[in-house]
Amino acid sequence: MSETELIKDNNEVNLETDNIKEEYAYLDRGGFSSEKFKVEIRGLPKFYGIVELKKLMNQKLGLNASKIKRPKNGSHWLFACFQNDEDRSKAISTLNGYSWKGKTLIAEEAKPAPDPLVKKRKRDEDSVNIKKKKEDENKSQEERLKDAVTPYWNIPYEEQLALKEKEVKNLLMKFDNEVWKIDKNKRNLIESKRKLYNGLSFELKPIQRSPITAGYRNKCEFTVGIDDDTGKPTVGFRLGSYVTGTVGVAPVGSLTHISDKMKQAVLLFQNFVRKSNMSPFSPADYSGYWRYLTVRESTHNGDIMLIVAMYPQDLTKDKLEELKRELIEHFSSEEAQACGVKSVYFEEITKKRSGEDGSKPIHLMGATHIVDTILGLQFRISPEAFFQINTAGANILYQSAIDLSNVNEKSTLIDICCGTGTIGLCFAKHVGKVLGVELVSEAVKDARSNAELNSIDNCSFFAGRAEDVLPSVLARATSDDVIAVVDPPRAGLHMRAVTQLRNTKKVSRLIYISCSPASAVKNFVDLSRPSSKTLRGAPFVPVQAVPVDMFPYTKHVELAVLFEREVQPSDGNECEVDEKEVKTEENADVKKEENNVSLEENTQT
């Protein structure tokens, strides 16, 4: 080999080494311990939950896992992340060879992932990606933002509805096929019903359209970042994600689904950020301060609530107090009042360790809540409470649920994941009693206040995880006609909650409302699968489904499904077993729950 060739070869090796170093340079910048001290765990059982695994690792085995990264549900391998090398070494020693649910775990040190931004820059240099890159470059920033946030922005509304209705039917057919596979005894019945309902074993109603399509969102979370076009701090939406190598933020003025008042509030805060001389938070190196702005808007009276969130970094307490005073002054201006700003909160984002609660917004000025209306009822909304983001669409969704339910004045409604009580309170005049369950305690307080605000006295609301407090709440339902309604988060109901519903025979009907039907299919299957040692109660059978378009210009759709309890011949003991189970769990939970409720009521008073 000639000297020239040797030098060239060495340069290529050095370049490759430099590229590898660049991909992992972020590990030395701090804030990335989840990648630096990572363990790969293999040999996991077929059925397990992330919360269950965390309890095993952190509570039973005394490990300090800060994060678990699973590629997808049901994966037989995943990554567990730790804060330092000592914790990682202890985890490997403890978990490797540990027997869990009949499986022997394998735990090994895992390599960190390369920096997505660096990888993207390198991918863009490859000829395979040049064509796509040129296509993106030909699009304006406005078009790229619309593609990212409202992918159906250039599709006529009637076509959007048709696409969503088709997607819902495909998902329900997938669910139908799963039931057909696991329950041989139902196959003939399913096949006969499919002839009646156009390929499904139950009725799928036509999709309900949103009453409004422009400016329909009553809540948005806007990111603070740098606009790639102007280079200025901007409050808007990301054009991509860190994983895809994009952290630029684009302004939201062109987006149809956000109201003009909300856009004005965003610009108002953007002016404050730019005058503050404090940079936006950067996900690339964890520097900067301003993180996001949440805007909630009442469609009832136009009132605006703002939640300003920032990383305090090394700011002193005095500096933070000064910053809060400046925010109060800024949002007390005539411009802010004309925009409708009636409530301002401030949130300091601090690093959350395993087992710690996240930071909470602090009230700065104005009202503590805003008020909106659904089906003629008023609802007060706190910063963290769940409230349907399309108020006009919520009228359609909740009326559809009421129509599906077939309730009467003697019925009892169990409202699971009740939020601020919107569904239960809308049902209240149609039933004898409403019992609501919600994880967020602030939302429960709102629900009780909402009942009082609307002079409704047949509703009770309880704080706690549905899977934990359901037994004691269900024990309070003494009616012969008990119907449950669930409106869970995007991920769906916990399996323990599904089990409680299945095993409590008094629940004769169930309405499942989902903002992510694809995620809810597993719950649908578990509600419908044949009885077993775990799911002792009779299965629920789907009867009718109603899709409601709550999210125009996006691919998302809301779905309400009515399930009815399958009638099965009783052996004379099944009902007694179910009642014993409820009583046993009551002894463990009901006094604790009543004490919690009393404590909350006293605190509220």
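So, here is what we can say about the structure in this document. Fair warning: this is a prediction, and the values are worked out from it, not measured in the lab. (Residues numbered from 1 in each chain as written. Predicted model: local features only at pLDDT ≥ 70, side-chain atom pairs only at ≥ 80, totals over all residues. Heavy atoms only, no water.)

Take the packing of helix H10 (residues 260-276) against helix H11 (residues 317-330) next. Two elements in contact, H10 and H11, have axes separated by 11 Å at closest approach and are oriented at 140 degrees. Relative to H11, the element H10 lies oblique. In terms of crossing hand, the pair formed by H10 and H11 is right-handed. Listed contacts from H11 to Leu-268, Phe-269 and Phe-272 of H10 are Leu-323, Glu-326, Leu-327 and His-330. Class assignment for the residues of the contact of H10 with H11 results in five nonpolar, one polar and one charged. (Axes fitted to C-alpha atoms, helices over the stretch in contact; angles between N-to-C directions. Helix = DSSP H or I, 4+ residues; strand = E, 2+ residues; numbered from the N terminus. Parallel < 35°, antiparallel > 145°, perpendicular 65-115°, else oblique. Left-handed = near helix turned anticlockwise from the far one by under 90°. Contact = heavy atoms within 4.5 Å. Nonpolar A, V, L, I, M, F, W, Y, C, P; charged D, E, K, R; others polar.)

Looking now at the nonpolar core. Counting 46 residues, the largest nonpolar core has Leu-425, Phe-427, Phe-461, Ile-511 and Ile-513 as its most contacted members. With six residues, the top contributor of residues to this core is helix H13 (residues 391-405). Setting aside residues no more than four positions away along its own chain, Ile-511 makes contact with Ala-401, Leu-404, Ser-405, Ile-483, Ala-484, Val-485, Val-486, Val-561 and Leu-562. If you look at the next biggest cluster of nonpolar residues, it comprises 43 residues, including Cys-417, Val-486, Leu-493 and Leu-559. (Core = buried A, V, L, I, M, F, W, Y, C linked by side-chain atoms within 4.5 Å. Buried < 20%, exposed > 50% of the residue type's maximum accessible area, 1.4 Å probe, protein only.)

Let us look at the sheet that holds strand E13 (residues 341-348). If you walk across this open sheet you meet the seven strands as E10-E9-E8-E11-E12-E13-E14, and the pairing is mixed. Of all the strands in the sheet, just strand E10 (249-250) and strand E14 (362-366) have a single pairing partner and so form its edges. The sheet contact formed by strand E8 (residues 219-226) and strand E9 (residues 233-238) spans four bridges and is antiparallel. In the sheet register, Val-224 faces E9, and the bridge partner there is Val-235. This element, helix H7 (residues 141-149), spans E9 and E10 of the sheet and lies at about 45 degrees to E9. The strands that H10 touches are E8, E9, strand E11 (290-297), strand E12 (304-310) and E13; relative to E11, the one it contacts most, it runs at about 155 degrees. (Pairing = 2+ DSSP bridges.)

Quick look at the packing of aromatic side chains now. Inspection of every chain in the model, using the stated rule, returns 13 aromatic pairs. Here the aromatic rings of Trp-77 and Phe-79 are separated by 5.3 Å at their centres, their planes lie at 80 degrees, and the arrangement is edge-to-face. The exposure class assigned to Trp-77 is partly exposed, which follows from its relative accessible area of 34%. Linked through ring pairs, Phe-175, Phe-202, Tyr-512, Phe-524 and Phe-563 together constitute an aromatic cluster. Lying across the ring of Phe-79, Lys-38 places its NZ or CZ 4.2 Å from the centre. Sitting over the ring of Trp-180, Arg-187 keeps its end group 4.0 Å from the ring centre. (Phe/Tyr/Trp six-rings, centres within 6.5 Å; stacked < 30°, edge-to-face > 60°. Lys NZ or Arg CZ within 6 Å of the ring centre and 35° of its normal.)

This part takes up unusual backbone geometry. Notably, Lys-101 is not glycine yet its phi reads approximately 55 degrees, a positive angle. Checked against the element boundaries, Lys-101 lands in the loop between strand E4 (99-100) and strand E5 (103-104). One non-glycine residue with positive phi stands out, namely Asn-277, at about 60 degrees. Examined against the element boundaries, Asn-277 turns out to sit in the loop between H10 and E11. Take Asn-277: its relative accessible area is 75%, and that puts it in the exposed class.

The values reported here are purely geometric and, on their own, carry no functional implication.
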